[in-house]
Amino acid sequence: MKATAFGERMTGKVSGFGPLFEYTVKLVLLTSFLELILYRLISRLGMHLSKMAVDHPWITPTFSALTEVGTWLLNIVAVLLFLALTLTLINRWGGPELGRLSKLGSGGAALLLLLTVVFLVVQPGMLGAVVYNGLTLLVLTVFVSEYVMTHREPAQRVLAGTYYLGVSGWLYYQIVSTIYSLTGTIAAPPLVYESHRLGEALMVLASFFVFVAYGKSKSLSLRTTNRRQRNRAIWFWSTTAVIFAALIVADYLLDLYNPAFASAFRQASQGIGWIFQFGMGYTFYLPFALYVGGLLCWSYTVVKLLMIGRLAGYGIGLMFMAGYALLFSNLTLMVVLGVMLLTLDRVKPTAAESVPTAAGPVMSTSDGLLPGQI
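Residues numbered from 1 in each chain as written. Predicted model: local features only at pLDDT ≥ 70, side-chain atom pairs only at ≥ 80, totals over all residues. Heavy atoms only, no water.

> Sorry, what's going on with the layout of surface pockets here?
Over the atoms rolls a probe the size of a water molecule, and in doing so it shows where empty space is left. Here the second largest pocket defines a volume of roughly 680 Å³. L36, M280, L295, W298 and M321 are, among the 30 residues lining the second largest pocket, the residues nearest its centre. Broken down by secondary-structure element, the contributors of at least two residues to the lining of the second largest pocket are α2 (19-48), α7 (192-215), α9 (259-280), α10 (288-307) and α11 (311-321). Of all the elements, α10 adds the most residues to the lining of the second largest pocket, at 11 residues. Residue composition of the lining of the second largest pocket, by class: 25 nonpolar, 4 polar and 1 charged. (1 Å grid on protein atoms, 1.4 Å probe; cavity = no way out; pocket = protein on both sides within 12 Å on 5 of 7 lines; lining within 4 Å. Points joined across faces, edges and corners; volume = space filled by probe spheres on them. Helix = DSSP H or I, 4+ residues; strand = E, 2+ residues; numbered from the N terminus. Nonpolar A, V, L, I, M, F, W, Y, C, P; charged D, E, K, R; others polar.)

Spelled out as structure tokens, the structure:
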């Protein structure tokens, strides 16, 4: 009965862990999204429009008010993250089959929370930053290893590995650069810029794997035998390919058609890239179409998972909303919480798997039945 109750609990539903956990996770996702829009993006957009504020006086007070709201949201997100991580650790620690890997990950996450509280009182300095980022890398390594061990689908394992390597590129860049600065070494750290660029590319690639691992549906499969679904899938993927190709060659075609408009288009795209660079850490050195395609795959999958109440939707949403550059502790905790929620999302075993083989059939065959009637 205990194993059955645990199997019913671990269905990947956010509602399976109690109302406090459910509403806390939902509030974390909502406030994190609003903080991303109002603080990390809108505030940068206001800085970008400083020249226009001379001719339009309403720009400065409007963006100042939005930035102030975003600052309050930043504090609210931090408090909710502490509560959500605490509840998640309690739910993980209460599992009946807690292995050494799970204990190590939960202990590391608890220590990370403790360090965050300590560094709010005491300035961490360079050594504290190295310890904090190193512990974050260790915790993510443990949780991703646990995810790979408990999730057998290849697409899900590829997603976890790609995202982990992407975030590790940023953490390696921060750890090694800080160590060299702490020791006063003049020489350039090895492979820091390469790891930074490779990590960004892997993060963009992971946003595509999100759709492959969790966003696929039969209505968009080309292998379906249903004619209507196959036609719908052909139309969807053809349209996606056309839009993707159009974004790839848009700059070249605009330059041939109207060089002045092409120059304005480039400036607008550079402005968008500048905002996202400071807001989420992406440098946009890859073709712009890749970022747009990854954003569409990620948003579609997250909305789909949230509509059915899957923990994976909340986890993936937090993991990518934190961005690539984890410059603040709340962003680091957001990634850790997202990976933990993704690890907790498991598929409920079928009825045939939940019944032990040794128990035999539920109903015995009656002796009075003829052989052909069974």
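Okay, back to it.
> Would you mind showing me how to read the nonpolar core here?
Nonpolar side chains tend to gather and get buried jointly when the protein is soluble and globular. Y163, Y214 and I316 are the most contacted members of the largest nonpolar core, which totals 69 residues. Beyond its immediate chain neighbours, meaning those up to four positions away, I316 contacts V210, Y214, W298, V302, L305 and L342. Within the second largest apolar cluster, 5 residues are counted, among which are L38, I59, F63 and L73. (Core = buried A, V, L, I, M, F, W, Y, C linked by side-chain atoms within 4.5 Å. Buried < 20%, exposed > 50% of the residue type's maximum accessible area, 1.4 Å probe, protein only. Contact = heavy atoms within 4.5 Å.)

> What is the right way to read the confidence of the model for the protein chain from this model?
Low pLDDT marks stretches whose predicted atomic positions should not be read closely. Confidence in the prediction of the protein chain, expressed as mean pLDDT, is 79, and 71% of residues score 70 or more. For residues 1-10, every residue scores under 50 in pLDDT, and the model assigns this stretch 14 contacts once sequence neighbours within four places are set aside. The model gives residues 349-374 a pLDDT under 50, and that stretch makes 2 contacts with residues more than four places away or in other chains. (pLDDT = per-residue confidence, 0-100.)

> Teacher, can you tell me more about the side chain of T24 here?
Along the chain, the position of T24 falls in helix α2. Sequence-distant contacts of T24, defined by excluding residues within four places in its chain, comprise L80, L83, A84 and L87.

> Honestly, the side chain of D345 in this entry has me stumped. Any pointers?
Along the polypeptide, D345 turns up in the loop between α12 (329-344) and α13 (351-354). Assessed through its relative accessible area of 2%, D345 is described here as buried. For D345, the side chain forms a polar contact with the main-chain nitrogen of A312, separated by 3.0 Å. Apart from the residues within four sequence positions on either side, D345 is in contact with G12, H151, Y214, R310, L311 and A312. (Polar contact = N/O pair within 3.5 Å; in protein donor to acceptor, adjacent residues only side chain to side chain.)

> What's the story with the environment of G18 in this structure? I'm lost.
Following the sequence through the fold, G18 ends up in the loop between α1 (2-9) and α2. Through-space distance from the C-alpha of G18 to that of N91 is 9.8 Å; in sequence the pair is 73 residues apart.

> What is the right way to read the packing of helix α5 (residues 125-150) against helix α6 (residues 154-183) from this model?
Helix-helix packing is characterised by the crossing angle of the two axes and by the distance between the axes. In contact at an axis separation of 9 Å, α5 and α6 are set at 165 degrees when each is read in the N-to-C sense. The angle between α5 and α6 places the two elements in the roughly antiparallel class. Where α5 crosses over α6, the handedness of that crossing is left-handed. In terms of residue class, the contact of α5 with α6 is built from 15 nonpolar, 9 polar and 1 charged. (Axes fitted to C-alpha atoms, helices over the stretch in contact; angles between N-to-C directions. Parallel < 35°, antiparallel > 145°, perpendicular 65-115°, else oblique. Left-handed = near helix turned anticlockwise from the far one by under 90°.)

> Explain empty space enclosed by the protein here, please?
Going through the model one piece at a time under the given rule, you end up with 1 cavity of 30 Å³ or more. As a volume, the largest cavity reaches approximately 60 Å³. Lining of the largest cavity is provided by V144, Y147, L159, A160, Y163, M319, V339 and L342. Elements represented by at least two residues in the lining of the largest cavity include exactly α5, α6 and α12. Considering every element that reaches the lining of the largest cavity, the biggest residue donor is α6, with 3 residues. Classifying every residue of the lining of the largest cavity gives 8 nonpolar, no polar and no charged.

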